[in-house]
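What follows is the residue order along each chain.
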Amino acid sequence: MKHTPGPWKSVIASYSDDNISWLACADVVTPRGSTLVRFEGTQDYQKNDEAEANANLIAAAPTMLQALLDIRLSIMMGAGGGVTDTAWIVNSISETIVE
């Protein structure tokens with residue numbers, strides 16, 4: 001695979017003015033602190049929620065990819081072999097879902 005190694009995380013920056021706070025940006029960053037993607041914030045709260053959700057989804061991509069690869073291996077190996085730690089797969093998928 002040729003992508004920036006994970007885990008990635010979302011970093012949310014906000015600021016306030018006159019007792020009103022809003023999203024400045026939602027970044028997806030690498031373990032070394034490089035920004036992969038930046039979603040700019042606005043004073044529109046609905047768009048800010050969407051920007052934060054998008055950053056969280058993109059940050060989860062490496063974990064979701066690994067879970068999918070493990071599921072594929074398990075299916076290819078059949079019921080008698082493959083990945084036996086299905087709890088890890090379920091937990092990885094669950095951690096990436098932010099509701």
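Let us look at the environment of Ser94. Its location among the elements puts Ser94 in helix α3 (residues 86-96). By relative accessible area, Ser94 is classed as partly exposed at 44%. Sequence spacing of Ser94 and Met64 is 30 residues, and the spatial spacing of their C-alpha atoms is 9.7 Å.

Summarising the element assignment, Thr30 is placed in the loop between β2 (20-29) and β3 (35-40). The buried category is assigned to Thr30, whose relative accessible area is 9%. Other than its neighbours up to four places away in sequence, Thr30 contacts Thr4, Pro7, Trp8 and Leu36.

About the cut-offs
Counting of residues starts from 1 at the beginning of each chain's written sequence and follows it residue by residue. Note on the predicted model: pLDDT of at least 70 is required for a residue's local features to be given, and 80 or more for side-chain atom pairs to be given and counted; whole-chain, interface and lining totals, by contrast, use all residues. Side-chain figures throughout are based on the complete set of non-hydrogen atoms in the structure, without hydrogens or water. Secondary structure counts use DSSP, requiring at least four H or I residues in a row for a helix and at least two E residues in a row for a strand, with both numbered from the N terminus. Per-residue accessibility, obtained with a 1.4 Å probe over protein chains only, is compared with the maximum for each type, and a residue is labelled buried under 20%, exposed over 50%, and partly exposed between these values. Contacts: residue pairs with any heavy atoms within 4.5 Å of one another.

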